[in-house]
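Spelled out from the first residue to the last, the chains are:
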Amino acid sequence: MAGDNESRSIQEHESLDGNANTDRRDFPKKRKAGNDLGNDELPQPYNAKELQPAKRRAASPSEQPARKLKRPGARARISEAEREAIRQRALERERALETTTSATVADGRQRAAINDVVTQHYNSVPERGRDWRRTDSRIKGLRAFNNWVKSCIIQKFSPDEDYTPGTRDHPASSRHELLVLDIGCGKGGDLGKWQQAPQPVQLYVGLDPADVSIDQAKERYRQMASRGGPGGGGGGRGGGRGGYHRRPPPRIFEAQFHIKDCYGQTIEEIDVIRQVGFDPGPLNRRGFDVVSMMFCMHYAFESEEKARTMLRNVAGALKKGGRLIGCIPNSDVLSERVGQFNQRMAEKKKRKEEGVEPPSDAEEGELEEGEEEQTAEWGNQIYRVRFPGKTPEDGIFRPAFGWKYNFFLHEAVEEVPEYVVPWEAFRALAEDYNLEMQYHKPFMEVWESEKDDPVLGPLSERMGVRERGRGEFLVSPEEQEAASFYTAFCFYKV
Ligand SMILES: C[S@@+](CC[C@H](N)C(=O)[O-])C[C@H]1O[C@@H](n2cnc3c(N)ncnc32)[C@H](O)[C@@H]1O
């Protein structure tokens, strides 16, 4: 991922569900859910004093050997040597996994079992620092854009529906501060975005199975706290760089970080989760206001069991009326690309059966003796998607789980296995957990609809997505293709 914390993203794409692209401002009032109860009636959801102080303020290993290219150059312009190096590193990670089961940290807490190639990968991604990400990175436009989309989602959907920020003359409509759960928080790349959220955050809990990332997130938070805010000098919302509203610099929220596999295990056993309130049923009056899942939910779609565990965790942690926000690869794009690939292959096969001479012996899909069958694959200089096995001919992923592909993103992700999240199947499954979809928009559509927003437009300029003064879009066409691989979403717990 190529965000502040290696987010990543793909191409402009029609959503299959046009009606689904609901803007928050258009939300029906019935969406008040938890607020119907009246905030005053809500049980006190979380009391910092009751908690132990959280150190306050303070493929895939390649299944296949390198294959001789029949049409060099038609594939990604990532060189074969680079690919081989990536495969070797993936193999090394896999070998390491065979010998590693778990590690215990000095403070006596049990570290998560390092049993997963994804965790290994994220643990091994170096933290290069904000300056490098903003200036030297070859995908700095993509990083900035992904971060901006994440900020948009946080800005639009994290506040309670009836919340209005205060101004000099009018106080905020509510003094309620948000309880935020960031599943797959990684290195804490979104901490600053939460510090800038329109409705202040009281508590942020970050969960991730990658122990090294969790340590980096803690350090990031510690540095933020010591500076008094993400940009130093408390210059958050006060109108300075990154400021959204004219308000005094916010104090830093309380934060806790835990090593946790949120798709294989229940999160209920974590003290702070129980203290805030955990109940997957529809009447959960206590719980988090927001669960955020940025660029991470697709790892749960390895199996139905994992996807259900993930959804139970999300629904259990959310209060009635709470929001699940996030971004994932866009299954419409995956379906379209896979469908196109299989159609080309079918045409090839037919031509061969009919004895029609293929135009060139280097044509895609033609097998030489001993060569394995080609599978769906696409990308450009900065990203690449490769399915290791057969894909559905029509591009419709049925059943909904276990459709593995390998994803590569320059500088950020090295051939890590991911799983397709077939959107409609996910949406239906989410309903089983009282999660109702409110918003679903491909990244490039988010840009089109928000770039002229009075808050989010200027923010895009400060974040390096666009030149100042509504100038040039600073995301290259290749980065835009990578960005349009993603879609943003919001569900409400009803
Ligand atoms: C692409 S990173 C995104 C990090 C962060 N959300 C961001 O936007 O910068 C994906 C994250 O998902 C996490 N992840 C993978 N499997 C997970 C699981 N079972 N439970 C929770 N997080 C998981 C990874 O460790 C990694 O930190």
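Since this is a predicted model, take the numbers as computed values, not measurements. (Residues numbered from 1 in each chain as written. Predicted model: local features only at pLDDT ≥ 70, side-chain atom pairs only at ≥ 80, totals over all residues. Heavy atoms only, no water.)

Colleague: Sorry if this is basic, but what is going on with the overall build of the protein here?
Modeller: Along the backbone of the protein there are 13 helices and eleven strands. Out of the 494 residues in the protein, the part that is buried amounts to 57%. (Helix = DSSP H or I, 4+ residues; strand = E, 2+ residues; numbered from the N terminus. Buried < 20%, exposed > 50% of the residue type's maximum accessible area, 1.4 Å probe, protein only.)

Colleague: Looking at this model, I keep getting lost on the packing of helix 8 (residues 304–317) against helix 10 (residues 423–432). Mind explaining?
Modeller: A packed helix pair is summarised by two numbers, namely the angle formed by the two axes and the spacing between the axes. Contact pair helix 8 / helix 10: the axes reach a minimum separation of 10 Å and the direction vectors enclose 50°. Relative to helix 10, helix 8 is oriented oblique. Handedness of the helix 8/helix 10 crossing: right-handed. Residues Ala307, Arg308, Met310 and Leu311 of helix 8 form the contact with helix 10, whose own contacting residues are Phe426, Leu429, Ala430 and Asp432. (Axes fitted to C-alpha atoms, helices over the stretch in contact; angles between N-to-C directions. Parallel < 35°, antiparallel > 145°, perpendicular 65-115°, else oblique. Left-handed = near helix turned anticlockwise from the far one by under 90°. Contact = heavy atoms within 4.5 Å.)

Colleague: I tried to follow the sheet that holds strand 2 (residues 201–208) on my own but got confused; where do I start?
Modeller: Through backbone hydrogen bonds, the strands of a sheet pair up, either in parallel or in antiparallel fashion. One open sheet holds the seven strands; their spatial order is 3-2-1-4-5-11-10, and the pairing between them is mixed. Both outer strands of the open sheet, strand 3 (254–259) and strand 10 (435–442), are each paired with one neighbouring strand and no more. On average, adjacent strands in this sheet sit at an angle of 15° to one another, irrespective of strand direction. As judged from the six bridges shared by strand 2 and strand 3, these two strands associate in the parallel manner. Pairing of Gly206 across the sheet is with Phe257, part of strand 3. Against the sheet, helix 11 (residues 443–450) touches strand 5 (318–329), strand 10 and strand 11 (486–493), its axis set at about 80° to strand 10. (Pairing = 2+ DSSP bridges.)

Colleague: Explain the UniProt feature "site: mRNA cap binding" (unreviewed entry) in the protein here, please?
Modeller: In the numbering adopted here, UniProt assigns the feature "site: mRNA cap binding" (unreviewed entry) to Lys187, Lys193, Arg220, His298, Glu418 and Tyr486. Annotated residues spanning 300 residues; largest pairwise C-alpha distance 26.8 Å, indicating distribution over more than one region. Along the chain, His298 falls in the loop between strand 4 (288–294) and helix 8. Relative to the helices and strands, Tyr486 is located in strand 11. The exposure class assigned to Tyr486 is buried, which follows from its relative accessible area of 0%. (UniProt positions renumbered as here; feature names shortened; annotations may be inferred.)

Colleague: Hey, could you run me through the environment of Gly141 in this one?
Modeller: With respect to the helices and strands, Gly141 occurs in helix 4 (residues 140–157). A relative accessible area of 6% places Gly141 in the buried class. As a C-alpha pair, Gly141 and Gly464 span 323 residues in sequence and 7.1 Å in three-dimensional space. Among all residues touching Gly141, those that are not within four sequence positions of it are Leu474, Val475 and Glu479.

Colleague: Explain the UniProt feature "binding site: mRNA" (unreviewed entry) in the protein to me, please; I cannot follow it from the model alone.
Modeller: Sites flagged by UniProt as "binding site: mRNA" (unreviewed entry) map to Asn146 and Asn147. Looking at the element boundaries, Asn146 is found in helix 4. Taking relative accessible area as the criterion, Asn146 reaches 0% and is therefore assigned buried. You can see Asn147 is positioned in helix 4.

Colleague: I keep staring at the side chain of Asp190 and nothing clicks. Help me out?
Modeller: Looking at where Asp190 falls in the secondary structure, it is placed in the loop between strand 1 (178–183) and helix 5 (191–195). Assessed through its relative accessible area of 4%, Asp190 is described here as buried. A distance of 2.8 Å separates a polar atom in the side chain of Asp190 from a polar atom in the side chain of Lys150. If sequence neighbours within four positions are ignored, Asp190 has contacts with Lys150, Asp182 and Met294. (Polar contact = N/O pair within 3.5 Å; in protein donor to acceptor, adjacent residues only side chain to side chain.)

Colleague: Sorry if this is basic, but what is going on with the site of the ligand here?
Modeller: As a matter of local geometry, the ligand sits amid 19 residues, with Lys150, Gly184, Asp208, Asp261 and Met294 nearest to it. Within the contact set of the ligand, an oxygen atom lies 2.6 Å away from a side-chain nitrogen or oxygen of Asp208. Asp261 is positioned with one of its side-chain polar atoms (N or O) 2.8 Å from a nitrogen atom of the ligand. With the chains in place, 97% of the 600 Å² that the ligand exposes on its own is no longer accessible. Taken together, the residues of the shell around the ligand break down into twelve nonpolar, three polar and four charged. (Near = heavy atom within 4 Å. Areas by Shrake-Rupley, 256 points an atom, 1.4 Å probe, with all protein chains shown as cover. Nonpolar A, V, L, I, M, F, W, Y, C, P; charged D, E, K, R; others polar.)

Colleague: Quick question: what am I supposed to make of helix 2 (residues 117–124) here?
Modeller: Think of an α-helix as 3.6 residues a turn; residues three or four steps apart then line up on the same face. Of all the eight residues making up helix 2, seven are buried; the element is thus mostly covered by neighbouring parts of the structure. Burial in helix 2 covers these residues: Val117, Val118, Thr119, Gln120, His121, Tyr122 and Asn123.

Colleague: Even after reading the chapter, I still don't get the pairing of strand 8 (residues 404–409), so can you show me in this structure?
Modeller: One face of the sheet, then the other: side chains in a regular strand alternate in exactly this way. Burial of strand 8 is extensive: five of the six residues sit out of reach of the surface. The pairing of strand 8 with strand 9 (residues 413–419) spans five bridges and is antiparallel. If you follow Leu409 over to strand 9, its bridge partner there is Val413. Here strand 8 folds back onto strand 9, and the loop between the two strands holds three residues, one of which, Glu411, carries a positive phi near 70°.

Colleague: Looking at this structure, how should I read the environment of Cys152?
Modeller: Within the fold, Cys152 resides in helix 4. For Cys152, a relative accessible area of 0% corresponds to the buried category. Between the C-alpha atom of Cys152 and that of Leu311, which follows or precedes it by 159 residues, the distance is 23 Å. Not counting chain neighbours up to four residues away, the residues in contact with Cys152 comprise Val446, Glu450 and Leu456.

Colleague: Honestly, the packing of aromatic side chains in this entry has me stumped. Any pointers?
Modeller: The way to describe two aromatic rings as a pair is by their centre distance and the angle between their planes. Under the defined criterion, the tally for this structure stands at 32 aromatic pairs. Note on Phe387 and Tyr405: the rings are 5.5 Å apart at their centroids and 45° apart in plane angle, and the pair reads as tilted. Of this pair, Phe387 sits in the loop between strand 7 (383–386) and strand 8 while Tyr405 sits in strand 8, placing them 18 residues apart in sequence. Note on Phe387: relative accessible area 1%, which makes it buried. (Phe/Tyr/Trp six-rings, centres within 6.5 Å; stacked < 30°, edge-to-face > 60°.)

Colleague: Honestly, the pairing of strand 5 in this entry has me stumped. Any pointers?
Modeller: The buried fraction of strand 5 amounts to eleven of the twelve residues, a majority that puts the element mostly inside the structure. As for the winding sense of the linkage, the β-α-β connection from strand 4 through helix 8 to strand 5 is right-handed. Bridging between strand 5 and strand 11 involves seven bridges; their strand directions are antiparallel. Note on strand 11: the bridge partner recorded for Pro329 is Tyr486. (Right-handed = clockwise from strand over helix to strand, strands pointing away.)

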